Amino acid sequence: HNLSVAAAAKSYMLLAVGDALVAQIPALLVSVAAAMVVSRVGKESDIGSQIRTQVFGSPKALAITAGIIGALGVIPGMPHLVFLVSAGLVAWLAWYLGRRAQVAAEKPAPSAEPAPAANAEASWDDLQPVDTLGLEVGYRLIALVDTARQGDLLGRIKGVRKKFAQEVGFLPPPVHIRDNLELKPSVYRVLLRGAMVGEGEAFPGMYLAINPGGATIKLPGTTTTDPAFGLPATWIDERQREMAQMNGFTVVDCSTVVATHLSHLMQVNAAKLLGRIEVQQLVEHVTKLAPKLIEDVIPKMVGIATVQKVLQLLLEEGVHIRDMRSIVECLAEHAASVTDPAELARRVRIHLAPIIVQQIYGPSRELDVIALEPELERLVTQALTSPHGAALDPGVADTLSRDAADSARRAEDLGHPACLLVPDLIRAQMARLLRRAAPRLKVLGHSEIPETHSIRIGSIIGGTP
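Residues numbered from 1 in each chain as written. Predicted model: local features only at pLDDT ≥ 70, side-chain atom pairs only at ≥ 80, totals over all residues. Heavy atoms only, no water.

Student: Tell me about the sheet that holds strand β2 (residues 175–179), and please be specific about residues and values.
Tutor: Paired through backbone hydrogen bonds, the strands of a sheet run either parallel or antiparallel to each other. Strand order in the open sheet made by the 4 strands is β2-β1-β3-β4, with mixed pairing throughout. This sheet does not close on itself; its edge strands, each paired only once, are β2 and β4 (195–201). Ignoring which end each strand starts from, the neighbouring axes of this sheet average 20° apart. Note that strand β1 (residues 133–137) and β2 share 5 bridges and pair parallel. Within β2, the position partnered with Leu135 by the bridge is Ile177. (Pairing = 2+ DSSP bridges. Helix = DSSP H or I, 4+ residues; strand = E, 2+ residues; numbered from the N terminus. Axes fitted to C-alpha atoms, helices over the stretch in contact; angles between N-to-C directions.)

This is the structure in structure tokens:
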């Protein structure tokens, strides 16, 4: 290019050095990016948020950066305008952030709530309402309700409430969960209006292998019983899970154990869960479906208190109240002549007989029932329907309860529902008498058997099968 040797050498060296420096820029960027990723600490926020916080969160660091850029800008041969303008912008940002931090520090802290005086007067705020349905857990079970630790018990409980509403017929009250340090670490307790109705023990990270009756091997683990149904069970580690399933055990995780126990207790105590608020909400829901029917019956013909008592009597014996339209229609039919809730409940049961029988026996048309020996039936009927008041001999009542429990157990062992068939006059009294001795035994009256079904007496209480 017609240059002298000295000029050509100078141009070549400048271009060579410049090209080498430019070639290092990608490597520098890759190294800085790798250092940022490797030095990242924690997982609470994304890397972009961390870089923004660390680079622009310190006014002092920005001030030092502005000084370095300004010093580079005054070096001869450097692009002064670009460096000095950049230094000015960074210096202004450092001043702004420092000023904002100073203002925030000078702002007075919000005043805390004044502590109540030691001798303050009692008020209604000191009275805390009792939860209708509560679940207390030991500290080891807190992880089951902590979504941050993948606890799924809250979701299971929502599913339990939804299933209960679909099956039983009303929306149960919410379950309030709290930890209780007075409990053993792995113990949980179910409360109904402050009173304990159930208690169990669960071990997070382990599985409960329940023996439904066909498994014969003994599993390594902690032997216990299923808290919901009292079946023999064993707490096992995850590595024994597959082996237990292959040998006929039903294996469930810790959250499922607690949720299933809660569901069972809600079913058993459904009548106590149906308060006045739930009845009012149920009536309002049915009003949307049949407004004219509800308007004519409740509360014109039947008061809300009577409706609540009738529904509770049905639920006490495990009768679902999903078909509220039929229940209200039956109440409207008999309300003019009957005011006693127990008698209204009896007539509603007859009206719902097909549903009740299907709930017990399923689609079967032949009903395998338990019956009383005729002489025993006559004796019990006379005692329970005496004009001087029900007076059944304690010895007879004890023998009857024991024999009914044995008959129910034999029927279930044969795969049949445990159901006692008695005359209508004593059905309600017999149901109350046998409820504690044989809670799974259902008691039906003769008029509650639909015409489309036939009965077969499987066993007789007080006689031979």
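Student: Explain helix α18 (residues 427–434) to me, using residue names and the numbers behind them.
Tutor: Taken residue by residue, α18 has Arg427, Met430, Ala431 and Leu434 as its buried positions. Seen end-on, α18 carries its buried residues on one side only, within an arc spanning 100°. The inward-facing, buried residues of α18 abut α14 (341–351), β9 (366–372), α16 (374–384), α17 (394–413), β10 (419–422) and β11 (442–445). (Buried < 20%, exposed > 50% of the residue type's maximum accessible area, 1.4 Å probe, protein only. Arc of directions from axis to C-beta. Contact = heavy atoms within 4.5 Å.)

Student: Before we move on, can you summarise the pattern of salt bridges with the specific residues and values?
Tutor: If you walk through the whole model with that rule in mind, you get 19 salt bridges. With a closest N to O distance of 3.9 Å, Arg435 and Glu316 form a salt bridge. Linking Arg435 in the loop between α18 and β11 with Glu316 in helix α12 (residues 304–316), this pair joins segments that are 119 residues apart in sequence. By relative accessible area, which is 33% here, Arg435 ends up partly exposed. One salt bridge in this structure joins Arg456 and Asp368, with 2.2 Å as the shortest N-O distance. Taken together, the positions of Arg456 in strand β12 (residues 454–461) and Asp368 in strand β9 put the pair 88 residues apart, joining distant regions of the chain. One continuous salt-bridge network, built from bridges that share partners, spans Glu317, Arg349, Arg427 and Glu448. (Salt bridge = Lys/Arg side-chain N within 4 Å of Asp/Glu carboxyl O.)

Student: Lay out the nonpolar core in plain terms, naming residues and giving numbers.
Tutor: Judged by nonpolar contacts, the single largest core of 69 residues is most densely connected at Leu135, Phe170, Leu311, Ile321 and Ile327. In terms of residues, this core owes the most to one element, helix α8 (residues 254–268), which gives 7 residues. With residues up to four places along the chain from it excluded, the contact list for Ile327 reads Leu311, Leu314, Ile321, Val348 and Leu352. Membership of the second largest hydrophobic core comes to 23 residues, among which are Leu420, Ala431, Ala438 and Leu441. (Core = buried A, V, L, I, M, F, W, Y, C linked by side-chain atoms within 4.5 Å.)

Student: How would you explain a nonpolar patch on the surface if you had to name every residue and give the values?
Tutor: On the surface, Ile64, Ile68, Leu72 and Ile75 cluster together into a nonpolar patch covering about 340 Å² of accessible area. Structurally, the position occupied by Ile68 is in helix α3 (residues 59–73). For Ile68, a relative accessible area of 51% puts it in the exposed group. (Patch = residues over 30% accessible without salt bridge, like charges linked within 9 Å, V, L, I, M, F, W, Y side chains within 5 Å. Areas by Shrake-Rupley, 256 points an atom, 1.4 Å probe, with all protein chains shown as cover.)

Student: Kindly report on the environment of Val251, identifying the contributing residues and their values.
Tutor: Within the secondary structure, Val251 sits in strand β8 (residues 250–253). According to the relative accessible area criterion, Val251 is buried, its value standing at 14%. Considered as a pair, Val251 and Gln240 are 11 residues apart in the sequence and their alpha carbons are 10.0 Å apart. Ignoring sequence-local partners within four residues, the contact set of Val251 consists of Tyr207, Leu208, Ala209, Arg241, Ala244 and Gln245.

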